Structures are given as C-alpha cells and as structure tokens.
Amino acid sequence: KKNMEDEASVSMLVVGTEAGQVHILEPSGTRVSVTVTLRSPPAFIAVSGLYTVEYRIVCACRNGHVYTVKNGELSGGVIELDA
C-alpha cells in the first residue's frame, strides 16, 4: 500500500528481475519509483508496510541468501541458507 492500510487504498507493484533488481512501480504502473540491486535474482518476495511511512521487502534469492530492503536501502545483514 502507498500511504494507508485501507482495502480500497492505492497499491504499488513490487517486481523482481533476472538481473537481480527489485523495482517498486508507481501506482499508475508507468514509472519505476525505486530500484534496489541484489546480489542474485530473487525467487520469493515478501513486502510489508506503507511506502510513505516505512516498508520492508524480504527477498529469498537463488544463491541461497535472504536479503532485506528497508525504505529503499539494502540492509547489511544477510541470512545464508544451507542447501
């Protein structure tokens, strides 16, 4: 959601790419608002929070690592999963 936790409020699409990038699209879907580059392509993405207040994006990637993006910045802590 962009700015309030209402069912009818405007949402923003979050997209992961094969190039290892995570894009947050504007509500209209015509422009990219935020781009974050990960070290591997994301396989699973979970998003929580409000874009204008505070949000987190958790990405489980193909290299077996889990990365956290908080308010557009890649967090320094990385979770490594054993295969």
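Residues numbered from 1 in each chain as written. Predicted model: local features only at pLDDT ≥ 70, side-chain atom pairs only at ≥ 80, totals over all residues. Heavy atoms only, no water.

As a further point, take the nonpolar core. Core analysis: the largest hydrophobic core is formed by 12 residues, namely M12, V22, I24, V34, V36, L38, Y55, I57, C59, C61, Y67 and V69. Once residues within four sequence positions are removed from consideration, V69 is found in contact with V36, L38, Y55, R56, I57 and L74. (Core = buried A, V, L, I, M, F, W, Y, C linked by side-chain atoms within 4.5 Å. Buried < 20%, exposed > 50% of the residue type's maximum accessible area, 1.4 Å probe, protein only. Contact = heavy atoms within 4.5 Å.)

Let's shift gears to the side chain of T68. Summarising the element assignment, T68 is placed in strand 6 (residues 65-70). T68 sits in the buried class, given a relative accessible area of 19%. Excluding anything up to four places from it in sequence, T68 contacts R56, I57, V58, E73, L74 and S75. (Helix = DSSP H or I, 4+ residues; strand = E, 2+ residues; numbered from the N terminus.)

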